[in-house]
Each structure stands twice: as C-alpha cells, then as structure tokens.
Amino acid sequence: MSKAIAIFWFRRDLRFQDNVGLFAALESSLPVLPIFIFDPEILDKLPKKDPRVSFIYDQLQRMRSQLQEDYGSSLAIYHGRPKDIFHKLVQEHEVKHVYTNRDYEPYALNRDNEIKGFLTENNINFSTYKDQVIFEKDEIVKSDGDPYLVYTPYKNKWLFKFNNDEHLQPSASEDSLKNFMQHSRLPNLSLSDIGFEVSTVKIPDYTLTSNLISKYEDTRNYPAIKNGTSRLGPHLRFGTVSIRSIVKKAISSENEVFMSELIWREFFMQILWHYPNTVTDAFKPKYDRIEWRNNEKEFEKWKKGETGYALIDAGMRQLNATGYMHNRVRMLVASFLCKHLLIDWRWGEAYFAEKLLDYEMSSNVGNWQWAAGSGVDAAPYFRIFNPMTQADKFDKEGKYTEKWVPNIADPSYPDKMVDHKEARERCLRVYKSALS
Ligand code: FAD
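Residues numbered from 1 in each chain as written. Predicted model: local features only at pLDDT ≥ 70, side-chain atom pairs only at ≥ 80, totals over all residues. Heavy atoms only, no water.

1. Observations concerning the pattern of salt bridges
Next up, step 1: Tallying each qualifying case throughout the model produces 23 salt bridges.
Next up, step 2: The partner of Glu-92 in a salt bridge is Lys-88, and the shortest N-O contact between them spans 3.8 Å. Of the two residues, Glu-92 and Lys-88 both sit in helix H4 (residues 82-92), four residues apart, roughly one turn of that helix.
Next up, step 3: Residue Glu-92 is classed as partly exposed on the basis of its relative accessible area, which comes to 39%.
Next up, step 4: With a relative accessible area of 37%, Lys-88 lands in the partly exposed category. (Salt bridge = Lys/Arg side-chain N within 4 Å of Asp/Glu carboxyl O. Helix = DSSP H or I, 4+ residues; strand = E, 2+ residues; numbered from the N terminus. Buried < 20%, exposed > 50% of the residue type's maximum accessible area, 1.4 Å probe, protein only.)

Written out as structure tokens, the structure is:
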C-alpha cells in the first residue's frame, strides 16, 4: 500500500480558486488525491446529450490538464456509486481524511451521511465545508430560531449579519496546488464511457462588469436586452466561480437589486434545507387540494412553445433551443402553465429541471411554487399575469418575441389555445374551491 493520503472530493465546486474545502485539504499535512465521481443515480435520469454533463466533463478535463502540466499531478475521475468508489479507494490507498464542500439537496445529504458512516467505520475522518453560499442552513433564522418564510425580513437579517471581512475572505486554495499528490496517471473517462455524447448547446461565460451591475434594475426585466442580466446561473450551480468573488463585485458596484437576487438564491436554499418535502409537496398544504386539469396535449403545446401567446412561446422556444430563459419570461410561462392551463407546477418544474442549464433544485422548486401560489412568500393566487399586457410592458417593440417566434404572422402560427379571460375565471374558480 502507498503512503497516507487525504482525498478532496469535487462536486458542485469545479474550480481551484477560492475553494474552501479544497484549501483545508491542501493545508493538511497529507498529499491530496483530488477526485470527481460521475454518479449513475444522477446521470441515469438525464438525456444523453445533456449540455450540463458536457460542461462538467470539459471543466474536469481542463482542471486535470492544468494539474498535469503545471504540478505533475492529476485529477481522478470515476463513474459509479460513491460508496462503491470509496470502498475501492480505501483498498488502494491509506486514506486518512476525506474533505469536501457541503451540498444541501436531499439526495446529497443522504449520500454524504452514507459516506460518512462508511468512512467512520474505517477510521477515516470526513470533513465538510460551507462553500457555495455566504449563509447556510440555519445561520439566518428568526430570533426564536424558526426559519424565515418571507423574503424581506430574511434579506434584512442576512444583510445585518453580513460582514465583508468575515464572509468574503477568499481561501488561498490556488496557491497550494503543489500539495496535490504527485501522480499524473490517475483514472480518467471519456464522455461515452459514462454513456453521454457531446452536446451542441454550450454554457456561455457570464458577464459581470460593474456597468452591468450598476444598470441592473433598469435592464433586468427586459428579455430583449443583451447582457441585461449576468448569466451567472450555471457557474454558480457548478461552482466554476466562487460566490464570495461575486458578492464582492456586487458590493463594490453598490447595487442593492443585484445583491438581492443573490440573496434570493440563498433564501430558497435555506427553505429547501428546512423543508425538503417541498420538492414534492406544496409548501402550503391546502394547495395540494387543487384539482389540476393536467391535460397532456396542452402540456405538449406549452413545452413546444405553441400556445398561441407570443411571449410565452418565445420563452419556451428560447429554453428548448438554448437551455436558458429570461427570468421575467420564466415567471410568465410558469404562471401560464399553473393558472391558465391548470397543470400541476410539478410538471413544469420537472420540465425546467430537464432543460435549464442553470437548474438548481432549491431555486426551481421555490420559484415554481411561488408561481403556483403554493410556496413561501408567494403572490396571492388571484393575481394572474396577463401574457399580453406583460408583453406590452416588457417586450414593447416585440424584439424578443420576433427573435424566437419568427412565424408569428404566418397562418401556421397557432391560435391562442385558451382565452385569457375564460382561463383566468376558471383558475379563480378552481383555486377558490380548493382553498376555501
Ligand atoms: P441574474 O439576473 O444575473 O441574477 C444573478 C444570480 O442571482 C442568478 O444567476 C441566480 O443565482 C440568482 N437569482 C436571480 N434571480 C433569482 C431567483 N428568482 N431565485 C433564485 N435565485 C435567483 N434560477 C436558478 O438558478 N436555477 C433554477 O433552476 C431556476 N428556476 C427558475 C424557475 C422559475 C419558474 C423562475 C420564475 C425562476 C427560476 N430561477 C432559477 C431564477 C432566475 O430566473 C434565474 O436565476 C435567472 O434567470 C438566471 O439568469 P442570470 O444568471 O442571468 O440571473
């Protein structure tokens, strides 16, 4: 057996810079074996050309090459159940300590508990770190210890507790890469080894200039404006950028609205952590009494962007073509599905989960439940967006719609699948009878 080592397990933190758990591992006195595990439990549910898998794969290969070229080390890439991989690793190496950054999704929490149990049985330490958020779990709660269910007081407490020096201190992980194990021939895999193909859809870089941040509230609601929002979503999701570096930029550009969006992300993360059942259950249980119509043909039309409502169709076509949809339009298509079509928010949530490059369980579930009215801090159910007046307001010149629905004037473009007024009245009737 080789000499004693530590392992750093990369998951949703695919970077060397300012990586809290990685820094802790590299500062231990042991050589560090970096690993990534493609988990079939997650992969098997995804389409074979999933662009997110390609993105993760490419990023891992870049990191692996950097370690090989500059440090004579490498990154080991595996495919299998994490527990089986750790079984193998402890047979091959004298593992003393496993380091990783925390992940708060229900599946990840169970997985990590299982791994911790296995490592403890083998006298191996397992240390986890807060990396993907400024505040986690129950760090921001009411004075009686209960979680906040309304965003504004949560945000106020967040800002009150936030301290630049304490919370934005970067971890100097990148300066310690020489402490990785010297071994350049670690296991690697090709995309096809894990059952995937290269996707033609690419995750774009994000833009975060101080100009974008300072103009954010004037641009963020208009889907036709290029670079009106940051496109940070997938980068925060996969950790190719550190949240601390982003908050630092937000603070130096002094834009409260942009900062608020980053805090919404953490708001929904703590909600998911406190209420993991909201992945499947309405946060407000009464909403599970709603008699959804769940018409499959109508769902298909919504998915394809063939509802006859131009802004809704533009959003869905943008999603299908690029894996992205502008936030304002996400709100509208979600509301349309739940309220105009009376289709269960869980159907829409699942479709977004399959398509969005920036899919994040906490934000997706939180925002879908918000749109359905069943979630925390949701708008009252009787507020129903009118897709036509929303288009007049947010896509006045029709540029966004024109880009994604060029056939709008063709006879081939479908008629409106429901009448707005009738659908609105139907929704009010159905919701009211469930909630009364
Ligand atoms: P920017 O406007 O530049 O915002 C910067 C960052 O702030 C985002 O990247 C994101 O991390 C965070 N943020 C912004 N708005 C929200 C919000 N409402 N809730 C939580 N975080 C926010 N966002 C996801 O990251 N993953 C999802 O799966 C997701 N699903 C959504 C589903 C619905 C129905 C709706 C209405 C919104 C959803 N959002 C989701 C929130 C939001 O639409 C995206 O975060 C945003 O559009 C991503 O684009 P951007 O990176 O340019 O955002």
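Having seen it, we continue.
2. Things to note about the site of the ligand
Next up, step 1: Taken together, 27 residues lie near the ligand, and Tyr-216, Thr-229, Ser-230, Arg-231 and Asn-327 sit nearest.
Next up, step 2: Across the complex, the protein chains shield 97% of the 820 Å² of accessible surface that the ligand would expose by itself.
Next up, step 3: Those elements that place two or more of their residues in the shell around the ligand are helix H9 (233-238), helix H11 (256-274), helix H14 (327-340) and helix H16 (361-372).
Next up, step 4: Here the shell around the ligand gets six residues from one element, more than from any other, and that element is H11.
Next up, step 5: The class makeup of the residues in the shell around the ligand is 14 nonpolar, seven polar and six charged.
Next up, step 6: Looking at which domains feed residues into the shell around the ligand, each of domain 2 (133-168 + 207-274) and domain 3 (279-435) supplies at least three. (Near = heavy atom within 4 Å. Areas by Shrake-Rupley, 256 points an atom, 1.4 Å probe, with all protein chains shown as cover. Nonpolar A, V, L, I, M, F, W, Y, C, P; charged D, E, K, R; others polar. Domains from an automatic or database assignment.)

3. Brief notes about helix H19 (residues 420-435)
Next up, step 1: Over its 16 residues, H19 extends 22 Å from the first C-alpha to the last, a length consistent with the 22 Å expected when each residue adds 1.5 Å.
Next up, step 2: Those residues of H19 lying buried are His-420, Ala-423, Arg-426, Cys-427, Val-430, Tyr-431, Ala-434 and Leu-435. Along the long axis of H19, the arc covered by the buried residues comes to 150°, so they all point the same way. Turned more than 90 degrees away from the buried face of H19 sit Lys-421, Glu-422, Arg-429, Lys-432 and Ser-433, all of them exposed.
Next up, step 3: The elements touched by buried residues of H19 are H14, H16 and helix H17 (387-394).
Next up, step 4: For H19, the N-terminal cap is Asp-419; the gap from its side-chain oxygen to the backbone nitrogen of Lys-421 is 3.3 Å. (Expected span 1.5 Å × (residues − 1). Arc of directions from axis to C-beta. Contact = heavy atoms within 4.5 Å. Polar contact = N/O pair within 3.5 Å; in protein donor to acceptor, adjacent residues only side chain to side chain.)

4. Focus on the domain arrangement of the protein
Next up, step 1: Split into domains, the protein comes out as domain 1 (1-131), domain 2 (133-168 + 207-274) and domain 3 (279-435).
Next up, step 2: One C-alpha centre belongs to domain 2, the other to domain 3, and the line joining them spans 25 Å.
Next up, step 3: Each partner contributes residues to the interface: domain 2 has 21 residues there, and domain 3 has 22 residues.
Next up, step 4: Overall, the association of domain 2 and domain 3 removes approximately 1,900 Å² of surface from exposure, summing both partners, and the carbon and sulfur fraction of that is 66%.
Next up, step 5: On the surface where domain 2 and domain 3 come into contact, there are zero salt bridges.
Next up, step 6: Taken together, the connections running from domain 2 to domain 3 amount to six residue pairs in polar contact (both at pLDDT 80 or more).
Next up, step 7: If you list the elements that add at least two residues to the side of domain 2 that touches domain 3, you get helix H6 (151-161), H9 and H11.
Next up, step 8: In terms of residue count, the dominant contributor to the side of domain 2 that touches domain 3 is H11 (six residues).
Next up, step 9: Here the side of domain 2 that touches domain 3 is built from residues that sort into 14 nonpolar, four polar and three charged. (Buried area = accessible area lost by both parts, 1.4 Å probe.)

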